[in-house]
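Secondary and tertiary structure notes
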Amino acid sequence: MLGALTAAAGQIEIVLDASGAMARPGIGGIPVVVSVREALVAVAAEAASSEPVSRIGLRLAGGDPTAPSVESCVATSLPVPISEVTVETWTNAVDGVRPAGFRPLNASVLAALADLELLPGDRRIVVVTAGTDECWISARKIADALAAGERPPEIRIVGLGLDQEVVDTFGAIPTRNAASPRELLEALRWAVLDAETDQRP
């Protein structure tokens, strides 16, 4: 079991699935995006009051309601640049997420790698997703970018009710798959706040 959770010192970027799938009903009929918003704000509040202070950013994979379907495959934005966490900033950012379009997950992870490339200290990408990439950029490009970097960041994945075959596609990347709001909060606390190596129950 995981021990006590403490804020992970370093630079963290959360890549959040903002595709149209996030508007679908989840546990109890609540849209998945609503549960994710609540959990992210709770984790932000904990991170803001923890020591040492982490610097956390938020990048969206998709979520541009004005983009035609094809253009949604290049829709990735950075509503919260990597910085010290404030609850107000994160509340406003996640309230502004409007799920739409396809899921350009791989393009968004590549963008997160670029965001972190020159930053000092320990670095981590946390992917929060309801599925795999739906666009044309291969996951091989992520593997190549990680292999080419002198200090590749750690990657963790929080799945949102994923089927096991989808989880299996992530290979050796540490993954927690949440099937309820409680599990989602626990998974995000593990992914964002726990500096220790993944230890499964």
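In short, a report on the structure. (Residues numbered from 1 in each chain as written. Predicted model: local features only at pLDDT ≥ 70, side-chain atom pairs only at ≥ 80, totals over all residues. Heavy atoms only, no water.)

1. Comments concerning empty space enclosed by the protein
One pass over the structure, following the stated rule, counts 1 cavity of 30 Å³ or more. Here the largest cavity defines a volume of roughly 50 Å³. In terms of lining residues, the largest cavity is bounded by I14, L40, V43, A44, A47, I56, V85, W90 and V192. Sort the elements by how many residues they give to the lining of the largest cavity and helix 1 (residues 32-48) lands first, with 4 residues. Taken together, the residues that form the lining of the largest cavity break down as 9 nonpolar, no polar and no charged. (1 Å grid on protein atoms, 1.4 Å probe; cavity = no way out; pocket = protein on both sides within 12 Å on 5 of 7 lines; lining within 4 Å. Points joined across faces, edges and corners; volume = space filled by probe spheres on them. Helix = DSSP H or I, 4+ residues; strand = E, 2+ residues; numbered from the N terminus. Nonpolar A, V, L, I, M, F, W, Y, C, P; charged D, E, K, R; others polar.)

2. A short note on the state of the cysteines
One pass over the structure, following the stated rule, counts 1 disulfide. Each sulfur of the disulfide joining C73 and C135 lies 2.0 Å from the other. Between C73 and C135, the S-S dihedral sits near -85°, and the bridge is therefore left-handed. Of this pair, C73 sits in the loop between strand 2 (55-61) and strand 3 (76-84) while C135 sits in the loop between strand 4 (123-129) and helix 4 (139-148), and the two are 62 residues apart along the sequence. (Disulfide = S-S within 2.5 Å.)

3. Section: a nonpolar patch on the surface
The grouping of V70, V74 and W136 at the surface amounts to a nonpolar patch, some 350 Å² of accessible area in total. Its location among the elements puts V74 in the loop between strand 2 and strand 3. Residue V74 is classed as exposed on the basis of its relative accessible area of 55%. (Patch = residues over 30% accessible without salt bridge, like charges linked within 9 Å, V, L, I, M, F, W, Y side chains within 5 Å. Areas by Shrake-Rupley, 256 points an atom, 1.4 Å probe, with all protein chains shown as cover. Salt bridge = Lys/Arg side-chain N within 4 Å of Asp/Glu carboxyl O. Buried < 20%, exposed > 50% of the residue type's maximum accessible area, 1.4 Å probe, protein only.)

4. What about the pattern of salt bridges?
If charged atoms from side chains of opposite charge come close, those side chains can pair. Under the definition given, this model contains 9 salt bridges. Of the charged contacts in the structure, one is a salt bridge between D115 and R59, with a shortest N-O distance of 2.8 Å. Note that D115 is positioned in helix 3 (residues 105-116) and R59 in strand 2, a separation of 56 residues in sequence. Exposure remark for D115: the relative accessible area of 25% places this residue in the partly exposed category.

5. Things to note about the environment of L78
Within the secondary structure, L78 sits in strand 3. Its relative accessible area of 31% is what places L78 among the partly exposed residues. The sequence separation of L78 and G121 amounts to 43 residues, and the corresponding C-alpha distance is 21 Å. Leave out the neighbours within four places in its chain, and L78 touches E13, L58, R59 and D115. (Contact = heavy atoms within 4.5 Å.)

6. Overview of helix 1
Over its 17 residues, helix 1 runs 24 Å from end to end, which matches the ideal 24 Å to within 8%, given 1.5 Å per residue. Residues of helix 1 that are buried include every one of V32, V33, S35, V36, R37, A39, L40, V43, A44 and A47, and no others. Tucked inside the fold, the buried residues of helix 1 contact strand 1 (11-17), strand 2, helix 2 (87-95), strand 5 (154-160) and helix 6 (181-193). (Expected span 1.5 Å × (residues − 1).)

7. What to know about the side chain of T175
Secondary-structure assignment places T175 in strand 6 (residues 175-178). A polar side-chain atom of T175 sits 2.9 Å from the main-chain carbonyl oxygen of I173. (Polar contact = N/O pair within 3.5 Å; in protein donor to acceptor, adjacent residues only side chain to side chain.)

8. What to know about the sheet that holds strand 4
Backbone-to-backbone hydrogen bonds pair the strands of a sheet. The strands run either parallel or antiparallel. Strand order in the open sheet made by the 6 strands is 3-2-1-4-5-6, with mixed pairing throughout. The open sheet has two edge strands with one neighbour each: strand 3 and strand 6. Averaged over all pairs of adjacent strands, the angle between their axes in this sheet comes to 15°, without regard to strand direction. Direction of pairing for strand 5 relative to strand 6: parallel, over a ladder of 4 bridges. Residue G159 lies in a different strand from strand 6, and its bridge partner there is N177. (Pairing = 2+ DSSP bridges. Axes fitted to C-alpha atoms, helices over the stretch in contact; angles between N-to-C directions.)

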